[in-house]
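Fold and contact review
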Amino acid sequence: MAMNDVNLKQYFDRIGFAGTPDVGWDTLVHIQQNHIASIPFENLNPLMRIPVELDGEAIFEKIVRKHRGGYCFEHNLLLQVVLERIGFTVRGLLGRAGQEPESVGRTHMVLLVTLEGRDYLVDVGYGGLVPTGPLLLEPDIVQTTPNEDYRIISPDGEYRLEIKLNGHWKRLYEFNLRKQIIQDFQVANWYTSTSPECIFTHTLVAARSEQGARYTLKDYELSIYQPDREIERRTLTSADDVKAVLETIFYIDMSGLPKLEKYLRNA
């Protein structure tokens, strides 16, 4: 997709970004944080057996014009074209997510943004634990974001992103700097959106993060996390409750998803 000034304004309106963008740190930080707070992570397309298209126009139509969300490929490909339009140097990388990295493929997309000669990991598509700020690609330093602390370590020649939760470091994903092309993302996306072994094809997942709060939904289980507080957990009791939460907490336009009702009544 060729991102023009009209599209860029529509995207900024979608995320509530009112500044004048430039190739600078403040622009990068504010766009990332506004994106994460405004556009939810959600897997309704794979769940409803609706194809997840990685064409730029399809992503823009779904996320910006139709007020939906998406998962890592959609979020980060959209952000990539936005940042490139502004003038940032950006490339996409593939990561290996999950608690057992040796048993999963590279199915998580992240961005590497180069700014003033330094590389930063930028990710707006990692669900409930998505980093809420750019992370300098420098191993073994603790980096503070508006929500939690993160660090990047480099075991076995790869980079690993970790988050500090309840005083302990938790692995999120590994990645390396090998060049990827759109076909690499399309292959990973096809598996993620169609395989019965992938959670996204059989469990409703939604997440949204803002400064001081994270919201996650897994079928009928809603969790609200705020720093220094116990996690608030709610079990929703009806399909209507789930749809209301998707609309009010995750900001998802529910029109055009008639199959969701059937899924929720059988979940």
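Reference entry: report on the structure contained in this document. Since this is a predicted model, take the numbers as computed values, not measurements.

A separate point is the overall build of the protein. Summing up its helical and strand segments, the protein has eight helices and 13 strands in all. Scaling as 2.2 N^0.38, a compact globule of 267 residues should have a C-alpha radius of gyration of about 18 Å, and the protein matches this with 18 Å. With respect to the principal axes defined by its C-alpha atoms, the protein has extents near 50 × 45 × 35 Å. Every one of the 267 residues in the protein was classed for burial, and the buried ones make up 52%. The long-range share in the protein, meaning contacts at least 24 apart out of those at least 6 apart in sequence, stands at 54%. Element-wise, carbon and sulfur atoms account for 48% of the exposed surface of the protein, whose accessible area totals about 12600 Å².

Okay, the sheet that holds strand S2 (residues 89-97) next. Across the sheet, which stays open at both edges, the eight strands sit in the order S5-S4-S3-S2-S9-S8-S7-S6 with antiparallel pairing between neighbours. The open sheet has two edge strands with one neighbour each: strand S5 (135-136) and strand S6 (142-144). Bridging between S2 and strand S3 (residues 108-115) involves seven bridges; their strand directions are antiparallel. Bridged to leucine 94 within S3 is methionine 109. Helix-sheet contacts for helix H6 (residues 182-194) involve S2 and S3, and the interaxial angle to S2 is about 35°.

Applying the stated rule across the entire model yields 18 salt bridges. Residues lysine 62 and glutamate 74 are paired through a salt bridge, measuring 2.6 Å at the closest nitrogen-oxygen approach. Pair noted here: lysine 62 is in helix H4 (residues 56-65) and glutamate 74 is in helix H5 (residues 72-86), with a separation of twelve residues, a long-range link. As far as the burial class goes, lysine 62 and glutamate 74 line up, both buried. Between aspartate 240 and lysine 243 there is a salt bridge, and its shortest N-O distance comes to 3.8 Å. Here aspartate 240 and its partner lysine 243 are both found in helix H7 (residues 239-248), three residues apart, which amounts to about one turn of the helix. Within the structure, one salt-bridge network assembled from shared partners comprises Arg151, Arg160, Glu162, Arg171 and Glu174.

Attention shifts here to the nonpolar core. The biggest cluster of nonpolar side chains holds 61 residues, and the ones touching the most others in it are Tyr11, Phe12, Ile31, Phe73, Leu78 and Tyr173. Looking at this core, the element that brings in the most residues is H5, giving eight residues. When near neighbours in sequence (up to four residues on either side) are disregarded, phenylalanine 12 contacts Phe17, Pro21, Ile31, Val82 and Ile86. Core analysis: the second largest hydrophobic core is formed by 24 residues, Leu47, Phe250, Leu260 and Tyr263 among them.

Of the positions making up H4, those classed as buried are Ile59, Phe60, Lys62, Ile63 and Val64. Along its buried surface, H4 packs onto helix H1 (5-15), helix H3 (44-47) and H5. Its side-chain oxygen 3.1 Å from the backbone nitrogen of glutamate 57, aspartate 55 forms the N-cap of H4. Directly after H4, the chain includes histidine 67, whose backbone phi takes a positive value near 55°.

Right, let's talk about the pairing of strand S4 (residues 118-122) for a bit. Each regular strand displays side chains that alternate between the two surfaces of the sheet. Looking at chain direction, S3 and S4 are connected through five bridges and run antiparallel. Note that in S4 the partner of valine 113 across the bridge is tyrosine 120. Following S3, the chain reverses through two residues before pairing antiparallel with S4; glutamate 116 in that reversal takes a positive phi of roughly 50°. With two bridges connecting them, S4 and S5 associate as antiparallel partners. Bridge pairing links tyrosine 120 to leucine 136 in S5.

Another point: the sheet that holds strand S11 (residues 213-218). The sheet built from five strands is open, its strands ordered S1-S10-S11-S12-S13 with antiparallel pairing. With partners counted over all chains shown, the strands left at the sheet margins are strand S1 (41-42) and strand S13 (232-235), one partner each. With four bridges joining them, strand S12 (residues 221-225) and S13 adopt antiparallel strand pairing. When the sheet's bridge partners are listed, serine 223 is paired in S13 with arginine 233.

About the thresholds
- Residues numbered from 1 in each chain as written.
- Predicted model: local features only at pLDDT ≥ 70, side-chain atom pairs only at ≥ 80, totals over all residues.
- Heavy atoms only, no water.
- Helix = DSSP H or I, 4+ residues; strand = E, 2+ residues; numbered from the N terminus.
- Rg over C-alpha atoms; globule rule 2.2 N^0.38 Å.
- Buried < 20%, exposed > 50% of the residue type's maximum accessible area, 1.4 Å probe, protein only.
- Contact = heavy atoms within 4.5 Å.
- Areas by Shrake-Rupley, 256 points an atom, 1.4 Å probe, with all protein chains shown as cover.
- Pairing = 2+ DSSP bridges.
- Axes fitted to C-alpha atoms, helices over the stretch in contact; angles between N-to-C directions.
- Salt bridge = Lys/Arg side-chain N within 4 Å of Asp/Glu carboxyl O.
- Core = buried A, V, L, I, M, F, W, Y, C linked by side-chain atoms within 4.5 Å.
- Polar contact = N/O pair within 3.5 Å; in protein donor to acceptor, adjacent residues only side chain to side chain.

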